[in-house]
Amino acid sequence: MTTPVLQFILSAGAIIVAGIFLARAADSIAELTKLGRLIVGSVFLAGATSLPEILVDLSSVRKGMPDLAVGDLMGSSLFNLFILAIADLMHRNPHKIFSRVSAAHALSAAMSIHMAAMACIAIFLEQRLSGFEFGAIGLGPLAIGVSYLLGLRLMYFDQRSAIAAGAAPRDSAAERPGRGAMVKALSVFGVCTLVILIASPFLAEAAGKLSDATGLGKTFVGTTLVAFCTSLPEMVSTVTAVRIGAFDLAVGNIFGSNSFNMLILIPLDLFHEGSLLAAVNPSHILTALATILATSVAVMGQLYQAEKRKKFIEPDAFAIIGISIGALLLLYYVSTA
């Protein structure tokens, strides 16, 4: 098992380093383009940090491991919320990430809840609807894709309305840097994205070998070990964004990545022989429901005005951590029962 472990560590390390520079480059792009950290975090940074999920899960599907792939997507979404909760606890400031300061992200969070719920319904019904397809894509993934596009449209026009009304927070860049700064930011962003693209297939190969060696099953390993590692870009980018004060970038990255994770079901279904969601273990619904529950707590935490909260009782980071750990323990029990 030594070689897969070493391969796993090296590829994960490369992704971590790339994630640090990726977040800083995304922050620069948000300032230079005037798009704002909310949009850049929810779309561009979220898409870049979700690249490991795309390549890892495509490789898993092509190798006949659909449970590993879907488990990674569902588990990664749950880990992302866990990461955001940890980042919230690390940030020592009276204005926590889960506060009205981040209420503008409630729409993005609701979008991720909507898409995760559709994934649950699709897994539950896909065996009965497997004969209804649009080309090579099932009805479930297709509906998720349409919802993603409509959600992006809502976010775009909502952000435009907020900026026009003067309600959206402005980034604190005093002057717009020159063209050289833009080229540098885009170059760093592109190089980091390329590093993630190269390292991800090696991560997938090592994860598959480890799942076979441990005997825990691809559903549990995909939801835990693989999901944790493919969430490394989100983790590093979110922590880096919090440390430089780019809170909109951090929160937008997490909720945007969770929505993007559900969108990845489309290419996975396209490359899978037959219906992907009909072939996976129904226990993935448990992880998706836990993600929905944790996201709803995050939304309540954003909108809840009281800064002092009772741990695990009122919506805060501790409640999200408890939900995440509890869901993984329950999944382990279900997988080994």
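For the structure, see preceding data.
Right, let's walk through the structure included here. (Residues numbered from 1 in each chain as written. Predicted model: local features only at pLDDT ≥ 70, side-chain atom pairs only at ≥ 80, totals over all residues. Heavy atoms only, no water.)

## Quick word on the overall build of the protein
Line of reasoning, step 1. Along the backbone of the protein there are 14 helices and 2 strands.
Line of reasoning, step 2. Long-range pairs, those at least 24 residues apart, make up 82% of the contacts in the protein between residues at least 6 apart in sequence.
Line of reasoning, step 3. Only carbon and sulfur atoms are counted for the fraction: they give 67% of the accessible area of the protein, which is about 15,000 Å². (Helix = DSSP H or I, 4+ residues; strand = E, 2+ residues; numbered from the N terminus. Contact = heavy atoms within 4.5 Å. Areas by Shrake-Rupley, 256 points an atom, 1.4 Å probe, with all protein chains shown as cover.)

## Some points on the side chain of Gln 7
Line of reasoning, step 1. Following the sequence through the fold, Gln 7 ends up in helix H1 (residues 2-33).
Line of reasoning, step 2. Judged by relative accessible area, which is 17%, Gln 7 ranks as buried.
Line of reasoning, step 3. There is a polar contact of 2.8 Å between the side chain of Gln 7 and the backbone oxygen of Phe 202. (Buried < 20%, exposed > 50% of the residue type's maximum accessible area, 1.4 Å probe, protein only. Polar contact = N/O pair within 3.5 Å; in protein donor to acceptor, adjacent residues only side chain to side chain.)

## Examining the environment of Asp 67
Line of reasoning, step 1. Mapping Asp 67 onto the fold places it in helix H4 (residues 66-90).
Line of reasoning, step 2. Taking the relative accessible area as the measure of exposure, Asp 67 reaches 18% and is therefore buried.

## Quick look at the packing of H4 against helix H9 (residues 232-243)
Line of reasoning, step 1. Across the interface, H4 lies against H9 with an axial gap of 10 Å and an inter-helix angle of 25°. Accordingly, the angle class assigned to the pair H4 and H9 is roughly parallel. Judged by the twist between their axes, the crossing of H4 over H9 is right-handed. Each of Asn 80, Ile 83, Leu 84, Ala 87 and Met 90 in H4 lies in contact with H9, whose residues at this interface are Glu 234, Met 235, Thr 238, Val 239 and Val 242.
Line of reasoning, step 2. When the residues that make up the contact of H4 with H9 are grouped by side-chain class, the tally is 7 nonpolar, 2 polar and 1 charged. (Axes fitted to C-alpha atoms, helices over the stretch in contact; angles between N-to-C directions. Parallel < 35°, antiparallel > 145°, perpendicular 65-115°, else oblique. Left-handed = near helix turned anticlockwise from the far one by under 90°. Nonpolar A, V, L, I, M, F, W, Y, C, P; charged D, E, K, R; others polar.)

## Thoughts on the environment of Leu 232
Line of reasoning, step 1. By secondary structure assignment, the location of Leu 232 is in helix H9.
Line of reasoning, step 2. Take Leu 232: its relative accessible area is 4%, and that puts it in the buried class.
Line of reasoning, step 3. With near-sequence residues (within four places) excluded, Leu 232 lies in contact with Ala 12, Ile 15 and Ile 16.

## Details of the nonpolar core
Line of reasoning, step 1. Core analysis: the biggest nonpolar cluster contains 56 residues, and Leu 265, Leu 268 and Leu 276 have the highest contact counts within it.
Line of reasoning, step 2. In terms of residue count, the dominant contributor to this core is helix H5 (residues 106-129) (8 residues).
Line of reasoning, step 3. Dropping the residues within four chain positions of it, Leu 265 is found in contact with Val 70, Leu 73, Ala 119, Pro 141, Ile 144, Leu 276 and Leu 277. (Core = buried A, V, L, I, M, F, W, Y, C linked by side-chain atoms within 4.5 Å.)

## Structural notes on the side chain of Ser 275
Line of reasoning, step 1. Structurally, Ser 275 can be placed in the loop between helix H11 (265-271) and helix H12 (276-279).
Line of reasoning, step 2. Within polar-contact distance, the side chain of Ser 275 engages the backbone nitrogen of Ala 278 at 3.4 Å.

## Considerations on helix H13 (residues 284-303)
Line of reasoning, step 1. Over its 20 residues, H13 runs 29 Å from end to end, which matches the ideal 28 Å to within 8%, given 1.5 Å per residue.
Line of reasoning, step 2. Counting buried positions along H13 gives 14 out of 20 residues, so the element sits mostly inside the fold. (Expected span 1.5 Å × (residues − 1).)

## Things to note about a nonpolar patch on the surface
Line of reasoning, step 1. A surface patch of nonpolar side chains, about 370 Å² in accessible area, is lined by Leu 194, Leu 197, Ile 198 and Phe 202.
Line of reasoning, step 2. The residue Ile 198 is located in helix H7 (residues 179-214) in this model.
Line of reasoning, step 3. Exposure remark for Ile 198: the relative accessible area of 49% places this residue in the partly exposed category. (Patch = residues over 30% accessible without salt bridge, like charges linked within 9 Å, V, L, I, M, F, W, Y side chains within 5 Å. Salt bridge = Lys/Arg side-chain N within 4 Å of Asp/Glu carboxyl O.)

## Points about the packing of aromatic side chains
Line of reasoning, step 1. Going through the model one piece at a time under the given rule, you end up with 1 aromatic pair.
Line of reasoning, step 2. Taken together, a centroid distance of 6.2 Å and an interplanar angle of 75° make the contact between Tyr 148 and Phe 260 edge-to-face. Taken together, the residues Tyr 148 in helix H6 (residues 139-165) and Phe 260 in helix H10 (residues 247-263) connect sequence positions 112 residues apart. Note on accessibility: Tyr 148 and Phe 260 belong to one class, buried. (Phe/Tyr/Trp six-rings, centres within 6.5 Å; stacked < 30°, edge-to-face > 60°.)

## Description of the environment of Tyr 148
Line of reasoning, step 1. With a relative accessible area of 7%, Tyr 148 lands in the buried category.
Line of reasoning, step 2. Sequence-wise, Tyr 148 and Leu 263 are 115 residues apart; in three dimensions their C-alpha atoms are separated by 7.1 Å.
Line of reasoning, step 3. Once you skip the residues sitting within four places of it in the chain, Tyr 148 turns out to touch Met 111, Met 115, Ser 259, Phe 260 and Leu 263.

## Section: helix H2 (residues 37-49)
One turn of an α-helix holds 3.6 residues; hence residues three or four places apart share an orientation.
Line of reasoning, step 1. Across its 13 residues, H2 extends only 15 Å between first and last C-alpha, which sits more than 12% below the 18 Å expected from 1.5 Å per residue.
Line of reasoning, step 2. The buried count for H2 comes to 11 of 13 residues, which makes it a mostly enclosed element.
Line of reasoning, step 3. Regarding H2, the residues found buried are Arg 37, Leu 38, Ile 39, Val 40, Gly 41, Ser 42, Leu 45, Ala 46, Gly 47, Ala 48 and Thr 49.

## Some points on the packing of H2 against helix H3 (residues 51-62)
Line of reasoning, step 1. Taken N-terminus to C-terminus, the directions of H2 and H3 make an angle of 40°; their axes are 4 Å apart at the nearest point. The segment H2 lies against H3, with Gly 47, Ala 48 and Thr 49 engaging Leu 51, Pro 52 and Glu 53.
Line of reasoning, step 2. Each residue belonging to the contact of H2 with H3 can be placed in one class, and the counts come to 3 nonpolar, 2 polar and 1 charged.

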